[in-house]
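# Working through the structure, step by step
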Amino acid sequence: MKASKKYKSAGNEPLQVLEEPAVQYLATNSMKVILGGKGSNLHVVNNDIDLIEITRKGLKKNTLFFLADYLGISMGQLSDLLHTSHRNLQRKDANETMDSYKTEKVLELASFAVRGTSVIGDADGFREWLKYPLPALGNKKPLDFLDTTFGIQMVSKILGRLEQGVYS
């Protein structure tokens, strides 16, 4: 998906069109599917400010069920990625709003899942890829690194190399 911008040139030269790639997290429909569709309180995401506002307001706990299902992991595994106990998540009501830290992490994981699915080709392939040991990760699984922002960035770089056709 590319956006075109026209820039005026000096003199009589024709206008040049610059093609810019669309930002991956703007695939709001994909993020909405990952986080529960109409049932999630994820609204339109047009830019970083929208993500900041959603983070500050918080997402409902029920988005976690959809994210765990999409990633093909248990709620226990997801609670580990969120640095909280599974029991602590179980105590919360499904419609209870999560704090900004957990919301930010959930949005980060959903954004990563959108990109991963796009690069790998489909959701099933992406789930399988997450659980497959990679040489670039010291023969560890990408899923093992999704508990930190730095780990998500590292695994995202591997997705970028795959996207460019570089063996990883």
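Residues numbered from 1 in each chain as written. Predicted model: local features only at pLDDT ≥ 70, side-chain atom pairs only at ≥ 80, totals over all residues. Heavy atoms only, no water.

### Quick look at the nonpolar core
For soluble globular proteins, nonpolar side chains are generally found buried alongside one another. Core analysis: the biggest nonpolar cluster contains 40 residues, and Leu78, Phe112 and Trp129 have the highest contact counts within it. Where this core is concerned, the elements lending two or more residues are helix 1 (28-34), helix 2 (48-57), helix 3 (62-71), helix 4 (75-81), helix 6 (100-120), helix 7 (123-130) and helix 8 (149-163). Among the elements that line this core, the one with the most residues is helix 6, at eight residues. Apart from residues lying up to four places away in sequence, Trp129 is in contact with Phe112, Ile120, Leu134, Pro142, Val155, Ile158, Leu159 and Leu162. (Core = buried A, V, L, I, M, F, W, Y, C linked by side-chain atoms within 4.5 Å. Buried < 20%, exposed > 50% of the residue type's maximum accessible area, 1.4 Å probe, protein only. Helix = DSSP H or I, 4+ residues; strand = E, 2+ residues; numbered from the N terminus. Contact = heavy atoms within 4.5 Å.)

### Quick look at the side chain of Thr84
Residue placement: Thr84 occurs in the loop between helix 4 and helix 5 (86-91). Using a relative accessible area of 13% as the deciding quantity, one classes Thr84 as buried. In this structure, Thr84 is in contact with Ser79, Leu89 and Lys102, ignoring residues within four places of it in sequence.

### Describing the packing of helix 2 against helix 6
Look at helix 2 against helix 6: their axes get within 7 Å of each other, and the N-to-C directions meet at 135 degrees. Judged by the inter-axis angle, helix 2 sits oblique to helix 6. As helix 2 packs across helix 6, the resulting crossing turns out to be right-handed. Of the residues in helix 6, those in contact with Leu51, Ile54 and Thr55 of helix 2 are Ser100, Thr103, Glu104 and Leu107. When its residues are assigned to classes, the contact of helix 2 with helix 6 shows three nonpolar, three polar and one charged. (Axes fitted to C-alpha atoms, helices over the stretch in contact; angles between N-to-C directions. Parallel < 35°, antiparallel > 145°, perpendicular 65-115°, else oblique. Left-handed = near helix turned anticlockwise from the far one by under 90°. Nonpolar A, V, L, I, M, F, W, Y, C, P; charged D, E, K, R; others polar.)

### What to know about the packing of aromatic side chains
By the definition in use, this model includes two aromatic pairs. Geometrically, the ring pair formed by Phe126 and Trp129 is stacked, given 6.3 Å between the ring centres and 20 degrees between the ring planes. With Phe126 and Trp129 both in helix 7 and three residues apart, the pair spans about one turn of that helix. Owing to a relative accessible area of 0%, Phe126 belongs among the buried residues under this scheme. Note on Trp129: relative accessible area 10%, which makes it buried. Through a chain of ring-to-ring contacts, three or more aromatic side chains come together here, namely Phe112, Phe126 and Trp129. In this structure, Arg127 packs its charged tip against the face of Tyr70, placed 5.6 Å from the ring centre. (Phe/Tyr/Trp six-rings, centres within 6.5 Å; stacked < 30°, edge-to-face > 60°. Lys NZ or Arg CZ within 6 Å of the ring centre and 35° of its normal.)

### Here's the deal with the packing of helix 6 against helix 8
Their axes nearest at 10 Å, the elements helix 6 and helix 8 cross at an angle of 15 degrees. Considered as vectors, helix 6 and helix 8 are oriented roughly parallel to each other. Where helix 6 crosses over helix 8, the handedness of that crossing is left-handed. Counted together, Lys105, Glu108, Leu109, Phe112, Arg115, Gly116, Val119 and Ile120 of helix 6 and Thr149, Ile152, Val155, Ser156, Leu159, Gly160, Leu162 and Glu163 of helix 8 form the full contact between these two elements.

### Re the environment of Glu96
Relative to the elements of secondary structure, Glu96 occurs in the loop between helix 5 and helix 6. Sequence separation of Glu96 and Asn62 is 34 residues, and the distance between their C-alpha atoms is 8.1 Å. Beyond its immediate chain neighbours, meaning those up to four positions away, Glu96 contacts Leu59, Lys60 and Lys61.

### Re helix 7
All of the buried residues along helix 7 are Ala123, Phe126, Arg127, Trp129 and Leu130. One side of helix 7 holds all its buried residues, which, seen down the axis, span an arc of 160 degrees. Every exposed residue of helix 7 that faces more than 90 degrees away from the buried side is listed here: Asp124 and Glu128. Its buried side turned inward, helix 7 meets helix 3, helix 6 and helix 8. (Arc of directions from axis to C-beta.)

The values reported here are purely geometric and, on their own, carry no functional implication.
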